[in-house]
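# Tertiary structure, described
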Amino acid sequence: MTSLRTPAPPAAKAPPAARRGRTRGERLSALAQQHGALAALVVIGLVAALSFDSFATPDNLRNMAVSSAFLAVIALGMTFVIITGGIDLSVGSLFALGGVLAAWGSRHGTLVALLLPLVVCALIGLVNGLLIARSRLAPFIVTLAAMLAARGLLLAVTDEGATTYLVAEDSVLARLGQGTLLGLGVPAWITLALFLAGAVLLRRTRFGQQVYAVGGNEDAAALMGTPVARTKILVYTMSGVLAGLAGALNAAWLASGVTILGTGMELEAISAVVIGGTLLTGGFGFVSGSLVGVLLLKVIQNVINQIGSLDSAYQQVVSGGFLVLVVVAQTWLGRRSRR
């Protein structure tokens, strides 16, 4: 017996031209959001290389790579934090504290010099994560308090900043910070390795997917079984560890634990991450973009230094203006992709 069925009416479809136009627009918006900073870096770098003879020299490029490494390590941790929809204002103070602890610990060997800042900064990051995830306190308030606490601990260790601990020039720690490999500073190679590991962690592991899920919609992530609290605790702990590591590498590079460093570095890291394409609202971002954002900020600073007639304060003005431009562009691209 043959059953007769009434065929379902075809679903309404947009005209082919409209579908193609919408898809093309979405692709262009995604490309601009993901690779806009890279395009700007290439253009500014080419213009600077053609305009200033000393910009593209090997020495200048090596110096920019090493000086960018410390901010980039902090920005790597900040990327994970911002993707979850959070913020970490303590990293600048943790950077300075990590440098002082590394210089102090170098008197007791390289292992102590490296482990001490990592452990202390990890504990501070862990406390941040616990307060934010378990007590549901605002990340801005918690990390602001941690910033003040870390700066206070730094002053206590250095006798209110009167004592500067030095790193012996013949120590392994100094060679780690000042050595070169294949013409590039060791801190730059360490940074590249960390970013490679961070990219794999974020894009190829379950933890990375949990980070995106928490930032995209925390309530929905919890309903799907995502360990929201544990994910937040881990990203803030990671941010603390990386800030402490950046401080230790900087102390090794300078051969001293300078107490006045780190002020405003948290804002630089946030700027680099946002310029690199990570959304402040969370749920979207990638570590390669943060690295490009750091390099873009450093290239702009170097260009201003190359000009010579401009005051160093213009670096902050340009960075701030660039950040506003990027946030406006991200908002516009986000609205365009939702149409």
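The paragraphs below set out a description of the structure included in this document. (Residues numbered from 1 in each chain as written. Predicted model: local features only at pLDDT ≥ 70, side-chain atom pairs only at ≥ 80, totals over all residues. Heavy atoms only, no water.)

### Here's the deal with the overall build of the protein chain
- Of regular secondary structure, the protein chain possesses 13 helices and 2 strands.
- Counting across all 339 residues of the protein chain, residues that qualify as buried make up 46%.
- With the model as given, the accessible surface of the protein chain reaches about 17,200 Å², and the carbon-plus-sulfur share is 65%. (Helix = DSSP H or I, 4+ residues; strand = E, 2+ residues; numbered from the N terminus. Buried < 20%, exposed > 50% of the residue type's maximum accessible area, 1.4 Å probe, protein only. Areas by Shrake-Rupley, 256 points an atom, 1.4 Å probe, with all protein chains shown as cover.)

### A closer look at a nonpolar patch on the surface
- On the surface, Leu111, Leu115, Val119, Leu123, Leu126 and Leu130 cluster together into a nonpolar patch covering about 520 Å² of accessible area.
- Note that leucine 130 resides in helix H4 (residues 110-133).
- Of the residues examined, leucine 130 reaches a relative accessible area of 36% and is grouped as partly exposed. (Patch = residues over 30% accessible without salt bridge, like charges linked within 9 Å, V, L, I, M, F, W, Y side chains within 5 Å. Salt bridge = Lys/Arg side-chain N within 4 Å of Asp/Glu carboxyl O.)

### A few points about the pattern of salt bridges
- Tallying each qualifying case throughout the model produces 3 salt bridges.
- For arginine 62, the salt bridge identified is with aspartate 59, shortest N-O distance 2.4 Å. Linking arginine 62 with aspartate 59, this pair stays in helix H2 (residues 58-83), spanning 3 residues, or about one helical turn.
- For glutamate 218, the salt bridge goes to lysine 232, with nearest N and O atoms at 2.9 Å.

### Thoughts on the layout of surface pockets
- Approximately 270 Å³ is the volume found for the second largest pocket.
- Forming the walls of the second largest pocket are 14 residues, and the residues nearest its centre are Phe95, Leu261, Gly262, Met265 and Glu268.
- For the lining of the second largest pocket, the secondary-structure elements that each account for two or more residues are H2, helix H10 (228-254) and helix H11 (265-275).
- Grouping the constituent residues of the lining of the second largest pocket by class yields 8 nonpolar, 4 polar and 2 charged. (1 Å grid on protein atoms, 1.4 Å probe; cavity = no way out; pocket = protein on both sides within 12 Å on 5 of 7 lines; lining within 4 Å. Points joined across faces, edges and corners; volume = space filled by probe spheres on them. Nonpolar A, V, L, I, M, F, W, Y, C, P; charged D, E, K, R; others polar.)

### A few points about unusual backbone geometry
- One non-glycine residue, aspartate 159, lies in positive phi territory at about 55 degrees.
- Counting through the fold element by element, aspartate 159 comes out in the loop between helix H5 (139-157) and helix H6 (172-178).
- Although it is not a glycine, leucine 182 adopts a positive phi angle of roughly 55 degrees.
- Structurally, leucine 182 can be placed in the loop between strand E1 (180-181) and strand E2 (184-185).
- Taking relative accessible area as the criterion, leucine 182 reaches 77% and is therefore assigned exposed.

### Things to note about H4
- Its 24 residues give H4 an end-to-end C-alpha distance of 34 Å, which sits within 8% of 34 Å, the value for a rise of 1.5 Å per residue.
- The complete set of buried residues in H4 reads Ala113, Pro117, Cys121, Ala122, Ile124, Gly125, Asn128, Gly129, Ile132 and Ala133.
- Considering only its buried residues, H4 is in contact with helix H3 (91-105), H5, H6 and H10. (Expected span 1.5 Å × (residues − 1). Contact = heavy atoms within 4.5 Å.)

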